[in-house]
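Survey of secondary and tertiary structure
What follows is each chain in one-letter form.
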Amino acid sequence: FCLMAVPGKVAAFHLPPLPTVGEIIKLFRLKAQKQLSQNFLLDLRLTDKIVRQAGELKNAHVCEVGPGPGGITRSILGAGVEQLLLIEKDARFIPGLQMLSEAAPGRVRIVHGDILTYKMDKAFPRHLKKNWEDEPPDIHIIGNLPFSVSTPLIIKWLENVSKKDGPFTYGRTQMTLTFQKEVAERLTANPGGKQRSRLSIMSQHLCDVENCFVIPGQAFVPKPEVDVAVVHFTPLVQPKIQQPFELVEKVVRSVFQFRRKYCFRGLETLFPEGGRLKRTEQLMMTADVDPTLRPFQLSMSHFRNLCNTYRKMCDEDPSLFAYNYREELKQKKKVKNLLKSTRQPEQTEEENQL
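Residues numbered from 1 in each chain as written. Predicted model: local features only at pLDDT ≥ 70, side-chain atom pairs only at ≥ 80, totals over all residues. Heavy atoms only, no water.

Some points on unusual backbone geometry
Trans peptide bonds make up most of the peptide bonds, and negative phi angles are found at most residues other than glycine. Which entries qualify depends on this criterion: The way it works is that DSSP assigns letters per residue, a run of H or I at least four long becomes a helix, a run of E at least two long becomes a strand, and they are numbered from the N terminus.
In the Ramachandran plot, Lys 164 falls in the positive-phi region, its phi being about 55° despite a non-glycine side chain. Along the polypeptide, Lys 164 turns up in the loop between α5 (147-163) and β8 (174-180). Here the phi dihedral of Asp 288 falls at roughly 60°; this positive angle occurs in a residue that is not glycine. Tracing the sequence through the fold places Asp 288 in the loop between α10 (276-287) and α11 (300-316).

So, in structure tokens, the structure goes:
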């Protein structure tokens, strides 16, 4: 490895000759596990293209999530990063990643752990921290995520964005991640689009979300049944809905609960049975939302008005936010079953007497 100085160009970092990613897979007998929804990307032109979407990485600090056999890892190191943190849950990949670490001394730190539980608020040096209003810090999260973890992980990170904690204690940390093409379409869908969903509102109210490009399924080993898209997230200085994450999430989840029905039907589930209709009408009238619109037709300003109005209603009645529609349904079912089971023996007794 060496630092090559080219006249008029930024010096680039070059890895020494190494086995190819395919050879690493054979060498360590690595096999993608279907239950972990693992798919390897071996084409370094594509891994370079993913890394370019992250922006300028020269001397940046990067966290790669789920590096696997290290295809994207090589492209990140090739971009001249100062520090690369690798978080890998599957122990089988650690020896291959250690080989890359030895080829780039002092640049790579490997953590064998689960990204869903890993504390990222201490992952980077404190001097990189920026004010939220400033330009994003020189920190990036990059990852070819397993399909099984991509949605819960982005929801977790969106909550971190909202609370400015986790990887966002350092400022508006940018993320470049892969998703199933359909999930990427949901993340970026506009009002009226057939893919408009809870994910669209939660991501777009907190971040600038860009669907960068699509990678065909056949580029991966083993080939998934779907295509994959690369999505870039930059947290917004001001969220589009100025309410706590949990409140926004509750309103948005309720609206999309009955996706094909009028939005009135989903919003009803925010209120207990007693006075449900009256309160739903009050919410929609105050928020100036047409009750006959379908959930996917609602704009961001509709959701903002609904969240602001619901917040006022919760302030007036503090027990309202704790109300859970599904819990109420469960309790009803329990009572119904209990009545059924206590009635049954009495009927049998009568029959016996007869």
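Don't stop here, the text continues.
Some details on the pattern of salt bridges
Quick note on the threshold: Take a side-chain nitrogen of Lys or Arg and a carboxyl oxygen of Asp or Glu: if they are within 4 Å of each other, that pair is a salt bridge. For each residue, the accessible area found with a 1.4 Å probe, counting protein chains only, is set against the maximum for its type, and the residue is called buried under 20%, exposed over 50%, and partly exposed in between.
Counted according to the given criterion, the structure contains 13 salt bridges. A salt bridge links Asp 43 to Arg 45, with the nearest nitrogen and oxygen atoms 3.1 Å apart. Asp 43 gets classed as partly exposed once you look at its relative accessible area, which sits at 24%. Note on Arg 45: relative accessible area 66%, which makes it exposed. Several salt bridges converge on common partners, so that one network encompasses Glu 159, Lys 163 and Glu 246.

Here's the deal with helix α6 (residues 181-188)
Rules: The arc in question is traced by the directions running from the helix axis to the C-beta atoms. Contacts between residues were defined by any pair of non-hydrogen atoms, one from each residue, lying within 4.5 Å.
Of the positions making up α6, those classed as buried are Val 183, Ala 184 and Leu 187. Down the axis of α6, the smallest arc covering the buried residues is 100°, so these residues share one side. Of the surrounding elements, those touching the buried residues of α6 are α5, β8, α7 (198-204), β9 (207-215) and β11 (228-235).

Some points on the nonpolar core
Put simply, the test is: Residues belong to one nonpolar core when they are buried, are Ala, Val, Leu, Ile, Met, Phe, Trp, Tyr or Cys, and are joined through side-chain atoms within 4.5 Å. Reported domain spans reflect what an automatic or database domain assignment gives.
Membership of the largest hydrophobic core comes to 65 residues, with the highest contact counts inside it found for Trp 157, Leu 177, Phe 179, Phe 233, Val 251 and Tyr 310. For this core, the two domains that each supply at least three residues are domain 1 (33-235) and domain 2 (245-340). Formed by 27 residues, the second largest nonpolar core is a distinct cluster that contains Val 51, Leu 86, Val 108 and Phe 147.

Some thoughts on helix α3 (residues 71-78)
With respect to burial, α3 is a largely interior element, seven of its eight residues being buried. Among the residues making up α3, those that are buried are Gly 71, Ile 72, Thr 73, Arg 74, Ser 75, Ile 76 and Leu 77. Looking one or two residues past α3, Gly 80 carries a phi angle of roughly 85°, positive in sign.

Things to note about the environment of Glu 88
Using the following cut-off: Identification of polar contacts relies on pairs of N or O atoms within 3.5 Å, with a donor-acceptor requirement for protein atoms, meaning one able to donate a hydrogen and the other able to accept it, and with residues adjacent in sequence counted only if both atoms are side-chain atoms.
Mapped onto the elements, Glu 88 comes out in strand β5 (residues 83-88). C-alpha separation for the pair Glu 88 and Val 111, spaced 23 residues apart in sequence, amounts to 6.3 Å. Here Glu 88 is in contact with Gly 66, Pro 67, Gly 68, Phe 93, Ile 94, Leu 97, Val 111, His 112 and Gly 113, once residues within four sequence places are set aside. Looking at Glu 88, its side chain comes within polar contact range of the main-chain nitrogen of Gly 68, at 2.8 Å. Polar contacts involving the side chain of Glu 88 include one to the main-chain amide nitrogen of Asp 90, which spans 2.9 Å.

What about the UniProt feature "binding site: S-adenosyl-L-methionine" (unreviewed entry) in the protein chain?
Put simply, the rule reads: UniProt positions are given in the numbering used here, feature names are shortened, and annotations may be inferred rather than shown by experiment.
Under the UniProt annotation, the feature "binding site: S-adenosyl-L-methionine" (unreviewed entry) is placed at Asn 39, Leu 41, Gly 66, Glu 88, Asp 114 and Asn 144. Relative to the elements of secondary structure, Leu 41 occurs in strand β3 (residues 40-41). Setting aside residues no more than four positions away along its own chain, Leu 41 makes contact with Leu 46, Thr 47, Ile 50, Gly 71, Ile 215, Ala 219 and Phe 220. By the element assignment, Asn 144 lies in the loop between β7 (139-143) and α5. Not counting chain neighbours up to four residues away, the residues in contact with Asn 144 comprise Asn 39, Val 65, Gly 66, Ile 72, Thr 178 and Phe 220. Polar contacts involving the side chain of Asn 144 include one to the side chain of Thr 178, which spans 2.9 Å.

Considering the side chain of Ser 197
In this fold, Ser 197 is placed in the loop between α6 and α7. Excluding anything up to four places from it in sequence, Ser 197 contacts Arg 186, Phe 256 and Arg 259.

What about a positive patch on the surface?
Put simply, the test is: Patch membership requires more than 30% relative accessible area and the absence of a salt bridge. Residues of like charge join within 9 Å; the nonpolar side chains Val, Leu, Ile, Met, Phe, Trp and Tyr join within 5 Å. The protein chains shown are the only cover counted for residues, whose accessible areas, like all others here, come from Shrake-Rupley with a 1.4 Å probe. The charge count treats Lys and Arg as positive and Asp and Glu as negative. His and the chain ends do not count. Where a charge lies is defined by one atom per residue type, namely NZ (Lys), CZ (Arg), CG (Asp) and CD (Glu).
Taken together, the side chains of Lys 119, Lys 122, Arg 126 and Lys 129 present a region of like positive charge at the surface. Within the element layout of this structure, Lys 119 appears in the loop between β6 (108-112) and β7. Residue Lys 119 is classed as exposed on the basis of its relative accessible area of 63%.

Section: the pairing of β11
Each regular strand displays side chains that alternate between the two surfaces of the sheet. For clarity, the threshold we go by: Only when DSSP finds a minimum of two bridges between them are two strands counted as paired.
Burial runs high along β11: eight of the eight residues are buried. A two-sided burial pattern is seen for β11, the buried positions comprising Val 228, Val 230, His 232 and Thr 234 on one face and Ala 229, Val 231, Phe 233 and Pro 235 on the other. In this structure, β8 lies alongside β11, joined through six bridges in antiparallel fashion. Paired with Thr 176 across the strands is His 232, a residue of β11. One ladder, built from eight bridges, connects β9 with β11; its direction is antiparallel. Its bridge partner lying in β11, Glu 210 is registered against His 232.

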